[in-house]
Amino acid sequence: TASGTVLSDVDLAPLALGGMTYGVTVRDMTGAYTAFANNGIYNESRTYLKVLDSEGNVILSNDNNSTVLLKESTAVIMTKMLQDVVTQGTANKASVTLDKYIPVAAKTGTTTETKDLYFVGYTPYYTAAVWCGYDQPKTLRFSTEASMSIWNVVMTRVHQEYIDIKKAGGEVKQFPESSRVVEVEVCQDSGLLPCSYCSLDLRGKRTV
C-alpha cells in the first residue's frame with residue numbers, strides 16, 4: 001500500500017473464511033473445483049496447450065502442472081455432497097436444469113450484504129464458475145439465481161452433444177466412484193443406522 005503496509009492472506013483465519021484481501025479470480029475459483037471432478041488431482045488452468053508452426057512443429061508447449069490435493073475418496077464424497085446442492089439444495093430446479101441429462105455438482109455462494117454472487121458447478125465433462133459483482137464491492141439488487149441461470153444456459157450449450165446422446169437413449173459419463181466409499185442407508189433424524197421405528201414414523205419412512 002501507499003503507507004508501506006504489507007497486506008498478506010497467509011494466515012489461518014482468512015484461509016478458513018475466504019476473507020482474502022483482494023479475493024480470488026473466477027478462473028482460480030473454477031480451477032479449484034476441477035480437483036473434485038478429477039479424483040482429487042488439480043491441474044493448473046491454461047489458456048493454450050501448444051503452438052505449432054506451418055509445418056506442424058511445436059514451437060510453444062504449455063505442459064500441465066498436476067498436483068494431488070485430495071484423497072480420491074474425499075473428492076468422491078465431496079462430489080456427492082455437491083450433487084445434493086442441485087437435487088435438493090440451494091441450486092433450485094428452476095435455475096439449473098442440466099442435471100436432467102448430465103450429472104451436475106455445484107455450490108452457490110453469497111457474501112455479506114449480497115456484494116458477490118457465485119455459482120460454481122461441474123459435470124464429468126466440464127467445470128465453470130459464474131460471478132456477479134463489482135470491482136469495487138457494493139450490494140447487488142438481484143438474487144443468486146442470476147448466476148445459476150447464466151451457468152445453466154452456457155453449460156447446456158456446451159454439453160449439447162452429450163444431451164443429444166442422452167435423449168437418444170445413449171450413455172453419458174458419470175462422476176468417478178471410489179472403492180473406499182461405501183453407500184449405506186441411515187436415519188435422517190439421528191444420522192445413525194436405521195432401526196425398526198424409522199419405517200413406522202407418522203411422517204413416513206425416515207431413512208435416506
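Scroll up to find the structure this text is about.
So, here is what we can say about the structure in this document.

## Some words on the sheet that holds strand E5 (residues 105–110)
Alright, step 1. Strand order across the open sheet formed by three strands is E5-E6-E7, with antiparallel pairing between neighbours. Sheet topology places E5 and strand E7 (127–133) at the edges, where each strand pairs with a single neighbour. Within this sheet the neighbouring strands show an average axis-to-axis angle of 5°, counted without direction.
Alright, step 2. Where E5 lies against strand E6 (residues 116–122), six bridges are found, and the strand directions are antiparallel. Looking at the pairing, Lys107 lines up with Val120 of E6.
Alright, step 3. Across the sheet, helix H4 (residues 145–158) touches E5, E6 and E7, and the angle it forms with E7 is around 145°.

## Topic: the pairing of E6
Alright, step 1. Most of E6 is tucked away: seven of the seven residues are buried.
Alright, step 2. Side chains Asp116, Tyr118, Val120 and Tyr122 project from E6 onto one buried face, and the interleaved Leu117, Phe119 and Gly121 project onto a second face that is buried too.
Alright, step 3. Linkage of E5 to E6, two consecutive antiparallel strands, is achieved through a turn of five residues, within which Glu113 is found at a positive phi near 60°.
Alright, step 4. The sheet contact formed by E6 and E7 spans seven bridges and is antiparallel. Residue pairing in the sheet places Tyr118 in a bridge with Trp131 of E7.

## Points about unusual backbone geometry
Peptide bonds are, in most cases, trans, and in most cases residues other than glycine have a negative phi.
Alright, step 1. Unlike most non-glycine residues, Asn39 shows phi in positive territory, near 55°.
Alright, step 2. Here Asn39 is to be found in the loop between helix H2 (26–37) and strand E1 (41–43).
Alright, step 3. Exposure remark for Asn39: the relative accessible area of 29% places this residue in the partly exposed category.
Alright, step 4. Notably, Thr114 is not glycine yet its phi reads approximately 50°, a positive angle.

Criteria and thresholds
- Residues numbered from 1 in each chain as written.
- Predicted model: local features only at pLDDT ≥ 70, side-chain atom pairs only at ≥ 80, totals over all residues.
- Heavy atoms only, no water.
- Pairing = 2+ DSSP bridges.
- Helix = DSSP H or I, 4+ residues; strand = E, 2+ residues; numbered from the N terminus.
- Axes fitted to C-alpha atoms, helices over the stretch in contact; angles between N-to-C directions.
- Contact = heavy atoms within 4.5 Å.
- Buried < 20%, exposed > 50% of the residue type's maximum accessible area, 1.4 Å probe, protein only.

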